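Structure at a glance
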Amino acid sequence: MVLDEEVRARAEAWSNAFGYIKSTAVVCAVELELPDILENHGGPMSLSQLSAAANCPAEPLYRLMRFLIFHGIFKKAQPPSVYYAQTPLSRFFASDKLGAFMLLQSTPATRNPTGLSAEALRNGTPLYLRSVNGADPWGNPAGFGMQVFTDAMTAHARDTTSLIVRNYPAAFEGVGSVVDVGGRHGMALGEFVQAFPWLQGISFDLPEVVAEAPPPRPRIELVGGSMFECVPKADAVILMWILHDWGDQDCIEILKKCKEAIPAGTGKVMIVDAIIDEDDDNDEFTGARLSLDMIMMAVTTKGKERTYKEWAYLLKEAGFTTFKVKNIDTVESVIEAFP
Ligand SMILES: C[S@@+](CC[C@H](N)C(=O)[O-])C[C@H]1O[C@@H](n2cnc3c(N)ncnc32)[C@H](O)[C@@H]1O
Ligand SMILES: O=c1cc(-c2ccc(O)cc2)oc2c(O)c(O)ccc12
């Protein structure tokens, strides 16, 4: 190994050893609500202003911000005096964006999963939380409250639906009714019915999840049940971040139930999930998709992110004749499957 290469490799090794610190520090900033505070202030803030607003002493806050500025999360507004400002990146960590999803990543159940360990890789592992207390992880998560999971999924749904509305509105042309399977408290549908005023929606989720939901927005009905038994009928079915939680046989069962719910000639199933292409270095989201695959390995029994070929296999086995893919400039794509 030449010297330069060795220096680079040593620096990279240290970065890997400390890799978790960066996301831990971002979580700390989210918990202190720094992105929200700066956003609501409407401009750069001094250390003492930020310290007062976040109810955090200036000295540790200064060190945290120094670290986060180094990593491009926040920026200094007027160097060399200490004024802090948002960046496009820190805006994504506000509570109405991906901040809540960041908090889910910091829970011990997500951070310290039994599924991503040497023992689990050698021997297989049951779904993490089932192995902990027999609970259903999505309806009754252990180790963190249901609200943390719901908030994280709401943050995710808000971000992804806004991209579908912006980048693929044609998906809803000619669609009068839609059922969002695993729609949790109806956040995604809320955004869709607002964007497409002709749309009626059913948000369908486990009964215990629906029971906790606040009253739905107009033109949305919340229905409890299981997608393995029967899916409410509609012109189109949405499956957003559902199939990656499950193994192939379960996915085929779910897809068959969704196919039964739509009209044979005109209906469609819209899958909003990642498509893995590990050789595509030009796609900014390849790393995030592969990280999501690690999370699926960690917290589910057989869930995984899938390649195009793997999606094609599932859809064929479930009886769909054709499908098409739309890139929406995020981790997931929209895969539309037709009976
Ligand atoms: C990862 S979350 C996805 C939530 C939302 N679609 C999103 O994209 O943010 C998976 C959802 O599937 C729901 N779910 C799990 N098993 C289900 C079942 N058998 N029938 C209906 N929904 C189910 C969970 O309660 C949870 O809300
Ligand atoms: O990012 C996640 C995390 C989970 C998760 C974490 C810890 C648990 O004990 C259970 C679940 O689940 C997720 C999930 O089901 C999903 O579809 C996307 C992301 C995550």
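Here the structure is a predicted model, which is why all the values come from computation and not from measurement. (Residues numbered from 1 in each chain as written. Chains lettered and ligands numbered in written order. Predicted model: local features only at pLDDT ≥ 70, side-chain atom pairs only at ≥ 80, totals over all residues. Heavy atoms only, no water.)

Remarks on the packing of helix α11 (residues 146-167) against helix α12 (residues 187-195)
At a minimum axis distance of 8 Å, the contact between α11 and α12 shows a crossing angle of 30°. Relative to α12, the element α11 is oriented roughly parallel. The hand of the α11/α12 crossing is right-handed. Contacts from Thr154, Ala157, Arg158, Thr161, Ile164 and Val165 of α11 reach α12 at Met187, Ala188, Glu191, Phe192 and Ala195. For the contact of α11 with α12, the per-class residue count stands at seven nonpolar, two polar and two charged. (Axes fitted to C-alpha atoms, helices over the stretch in contact; angles between N-to-C directions. Helix = DSSP H or I, 4+ residues; strand = E, 2+ residues; numbered from the N terminus. Parallel < 35°, antiparallel > 145°, perpendicular 65-115°, else oblique. Left-handed = near helix turned anticlockwise from the far one by under 90°. Contact = heavy atoms within 4.5 Å. Nonpolar A, V, L, I, M, F, W, Y, C, P; charged D, E, K, R; others polar.)

Structural notes on the UniProt feature "active site" (unreviewed entry) in the protein chain
Per the UniProt record, "active site" (unreviewed entry) is annotated on His244. In this structure, histidine 244 sits in the loop between β7 (236-240) and α14 (248-261). Given a relative accessible area of 3%, histidine 244 falls into the buried group. Those residues in contact with histidine 244, other than ones at most four positions away along the chain, are Asp273, Leu292, Met296, Gly303, Lys304, Glu305 and Arg306. (UniProt positions renumbered as here; feature names shortened; annotations may be inferred. Buried < 20%, exposed > 50% of the residue type's maximum accessible area, 1.4 Å probe, protein only.)

A look at the pairing of β7
The element β7 is largely enclosed, with a buried count of five among its five residues. Side chains of β7 alternate between two faces, with Ala236, Ile238 and Met240 and Val237 and Leu239 buried alike. When strand β4 (residues 177-181) meets β7, the two strands line up parallel, connected through four bridges. Each bridged residue has a counterpart across the sheet, and for valine 179 the counterpart in β7 is valine 237. Sheet topology note: the β7/strand β8 (residues 268-276) ladder contains five bridges and is parallel. Residue pairing for β8: methionine 240 is matched across the bridge by valine 272. What joins β7 to β8 is α14, and the crossover it makes is right-handed. (Pairing = 2+ DSSP bridges. Right-handed = clockwise from strand over helix to strand, strands pointing away.)

Re the site of ligand 1
In the vicinity of ligand 1 lie 17 residues, with His156, Gly182, Asp205, Met227 and Met240 positioned nearest. Between ligand 1 and glycine 182, the relevant distance is 2.8 Å, taken from a nitrogen atom to a main-chain nitrogen or oxygen of the residue. Between ligand 1 and methionine 227, the relevant distance is 2.9 Å, taken from a nitrogen atom to a main-chain nitrogen or oxygen of the residue. In isolation ligand 1 offers 590 Å² of accessible surface; the protein chains occlude 96% of this area. When the residues that make up the shell around ligand 1 are grouped by side-chain class, the tally is 10 nonpolar, four polar and three charged. (Near = heavy atom within 4 Å. Polar contact = N/O pair within 3.5 Å; in protein donor to acceptor, adjacent residues only side chain to side chain. Areas by Shrake-Rupley, 256 points an atom, 1.4 Å probe, with all protein chains shown as cover.)

So, the pattern of salt bridges
Under the counting rule described, the total for this entry stands at nine salt bridges. In this structure, glutamate 39 and arginine 91 form a salt bridge, with 3.0 Å as the shortest nitrogen-oxygen distance. One end of the pair, glutamate 39, is in helix α3 (residues 34-41); the other, arginine 91, is in helix α6 (residues 88-91), and 52 residues separate them in sequence. Judged by its relative accessible area of 38%, arginine 91 is partly exposed. One salt bridge connects aspartate 283 with arginine 289, and the closest N-O pair in it is separated by 3.1 Å. For the residue pair aspartate 283 and arginine 289, the accessibility class agrees, reading buried in each case. Because the salt bridges share partners, they merge into one network encompassing Asp248, Lys304, Arg306 and Glu310. (Salt bridge = Lys/Arg side-chain N within 4 Å of Asp/Glu carboxyl O.)

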